[in-house]
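What follows is each chain in one-letter form.
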Amino acid sequence: MQTEHHQASGGAGLSLLKKIPMFAGLSDSQLEQIAKMAVRRKVPRNTTIVHAGDSTDSLFVIVSGSAKVLNRDVEGNEVILTLLSAGECFGEMGLIDGSPRSADVVASESCELLAITKPDFMKALAGNVELGLNIMKSLVLRLREANRKIESLALMDVYGRVAKLLLDFSVKENGLRVIRRKVTKQDMAKMVGASREMVSRVMKDLERSGYLRIEEGRIVLTVD
């Protein structure tokens, strides 16, 4: 992975760490310890940050940008497991259980990351109850997300899976459900197990039926 990197230290490091959910509730002294451990890295779009099967030697936190977690079969076909945005982390599971990387993580756009090595992470975790609880919450959320995805793949048709994905991507803004996240139809297809053409057809049908509209670079859903 070709990156530029420097230490995330000093006041700027603390203000940055305070914005990351994993470090919520930590004292300034605890954050200072983590700031000394963390290395800031910049990666360009389409960079593979980690490869499936690699040894897990670091935890990564996305400071800015976004990434996708995916698996590939022997023929190179991709399935996107999840999308990650600023404030989210990856790599913590392998640090805890010692397993290799379970998937590729690819930068969807230029990203700034914080990297914390396994020895530093384990040191911080051992002396920090709040950090341990935050890690547990993160893992529980991912497990619930995986369960919902398995359920939708088993019980819903493509229309249902696309509609659910749109709802999952949306956030409430002034009483509306709005999607501002940049995600291509190709990536959506890889998440719901369908072709890009099918996803495009579903999106057009939903727009024609009045369930969504596209305006000012965003998608507005007209249902709760």
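Below or above, wherever it landed, is the structure these notes cover. What you are looking at is a predicted structure, and each value in this text was computed from that prediction instead of being measured.

## So, the side chain of Ser 66
Next up, step 1: Checked against the element boundaries, Ser 66 lands in strand β5 (residues 66-72).
Next up, step 2: In this structure the side chain of Ser 66 is engaged in a polar contact, spanning 2.8 Å, whose partner is the side chain of Glu 109.
Next up, step 3: Excluding residues within four positions of it along the chain, Ser 66 makes contact with Leu 84, Ser 85, Ala 107, Ser 108, Glu 109 and Cys 111.

## What to know about helix α2 (residues 28-37)
Residues spaced three or four apart along an α-helix face the same direction, because each turn holds 3.6 residues.
Next up, step 1: Among all positions in α2, only Gln 30, Leu 31, Ile 34, Ala 35 and Met 37 are buried. For α2, the buried positions fall inside an angular range of 155 degrees around the axis, keeping them on one side.

## Considerations on the nonpolar core
Next up, step 1: Leu 17, Ile 20, Met 22, Phe 23 and Ile 116 are the most contacted members of the largest nonpolar core, which totals 22 residues.
Next up, step 2: Of all the secondary-structure elements, those providing two or more residues to this core are α1 (10-17), α2, β4 (58-64), β9 (111-117), α4 (118-126) and α5 (129-155).
Next up, step 3: Among the elements that take part in this core, α2 stands out by supplying 4 residues, more than any other.
Next up, step 4: The residues touching Ile 116, leaving out its near neighbours within four places in the chain, are Phe 23, Ile 34, Met 37, Ala 38, Asp 57, Ser 58, Leu 59 and Phe 121.
Next up, step 5: Of all hydrophobic cores here, the second largest spans 21 residues; its members include Ile 179, Met 188, Val 192 and Val 199.

## Describing the packing of helix α7 (residues 185-192) against helix α8 (residues 196-208)
Next up, step 1: Two elements in contact, α7 and α8, have axes whose closest approach is 8 Å; the angle formed by their N-to-C orientations is 105 degrees. Looking at the two axes, α7 sits roughly perpendicular to α8. Across the interface between the two elements, Lys 185, Gln 186, Met 188, Ala 189 and Val 192 from α7 touch Arg 196, Val 199, Ser 200 and Met 203 from α8.
Next up, step 2: For the contact of α7 with α8, a count of residues per class yields 5 nonpolar, 2 polar and 2 charged.

## Looking at the sheet that holds strand β13 (residues 218-221)
Next up, step 1: Reading across from one edge, β10-β11-β13-β12 is the order of the 4 strands in this open sheet, with antiparallel pairing throughout. Each end of this open sheet is capped by a strand with a single partner; those strands are β10 (171-173) and β12 (212-215). The sheet shows a mean angle of 40 degrees between the axes of neighbouring strands, taken without regard to direction.
Next up, step 2: Note that β10 and strand β11 (residues 176-179) share 3 bridges and pair antiparallel. Across the sheet, the residue bridging to Val 171 is Val 178, located in β11.
Next up, step 3: This element, helix α6 (residues 158-169), spans β10, β11, β12 and β13 of the sheet and lies at about 95 degrees to β11.

## A word on the environment of Lys 204
Next up, step 1: Relative to the helices and strands, Lys 204 is located in helix α8.
Next up, step 2: Linking Lys 204 and Gly 87, residues 117 residues apart in sequence, is a C-alpha distance of 32 Å.

## Details of the packing of aromatic side chains
Any aromatic ring pair is given by two values, namely how distant the centres are and how the planes are angled relative to each other.
Next up, step 1: Under the counting rule described, the total for this entry stands at 1 aromatic pair.
Next up, step 2: Taken together, a centroid distance of 5.2 Å and an interplanar angle of 20 degrees make the contact between Phe 60 and Phe 90 stacked. Here Phe 60, found in strand β4, pairs with Phe 90, found in strand β7 (residues 89-90); they are 30 residues apart in sequence, far enough to count as distant. Each member of the pair, Phe 60 together with Phe 90, is buried.

## Brief notes about the sheet that holds β5
Strand-to-strand pairing in sheets goes through backbone hydrogen bonds, with the strands running parallel or antiparallel.
Next up, step 1: Strand order in this open sheet of 4 strands is β3-β8-β5-β6, and the pairing throughout is antiparallel. The sheet terminates laterally at β3 (48-50) and β6 (78-85), the two strands that pair on one side only. Neighbour-to-neighbour, the strand axes of the sheet open up by a mean angle of 35 degrees, direction not taken into account.
Next up, step 2: Where β3 meets strand β8 (residues 104-107), 2 bridges bridge the pair, whose relative direction is antiparallel.

Criteria and cut-off values
Numbering of residues starts from 1 in each chain and follows the order in which that chain's sequence is written. Owing to the predicted nature of the model, reporting of local features is limited to residues with pLDDT of at least 70; listing and counting of side-chain atom pairs is limited to 80 or more, with chain, interface and lining totals taken over all residues. The basis for every side-chain value is the complete set of non-hydrogen atoms in the structure, without hydrogens or water. What counts as a helix is a DSSP run of H or I of at least four residues, what counts as a strand is a run of E of at least two, and both are numbered from the N terminus. A 3.5 Å cut-off defines polar contacts: any pair of N or O atoms within that distance qualifies, except that in protein one atom must be a possible hydrogen donor and the other a possible acceptor, and neighbouring residues in sequence count only when both atoms are side-chain atoms. What makes two residues a contact is simply this: any of their non-hydrogen atoms within 4.5 Å. Buried residues are those whose accessible area, probed at 1.4 Å on protein chains only, stays under 20% of the maximum for their type, while exposed residues exceed 50% and partly exposed ones sit between those limits. What the arc describes is the spread of directions from the helix axis to the C-beta atoms. We define a nonpolar core as any set of buried Ala, Val, Leu, Ile, Met, Phe, Trp, Tyr and Cys residues linked to one another through side-chain atoms lying within 4.5 Å. Under this scheme, a helix contributes an axis fitted over its contacting stretch, all axes are lines through C-alpha atoms, and angles between N-to-C directions fall in the 0 to 180 degree range. Here roughly perpendicular refers to angles of 65 to 115 degrees, roughly parallel to angles under 35, roughly antiparallel to angles over 145, and oblique to all remaining angles. Note on residue classes: Ala, Val, Leu, Ile, Met, Phe, Trp, Tyr, Cys and Pro are nonpolar, Asp, Glu, Lys and Arg are charged, and everything else, Gly too, is polar. Any two strands between which DSSP finds at least two bridges are classified as paired. Ring geometry is summarised as follows: Phe, Tyr and Trp rings, the Trp one being its six-membered ring, pair when their centres sit within 6.5 Å, and such pairs are stacked at plane angles under 30 degrees, edge-to-face over 60 and tilted between the two.

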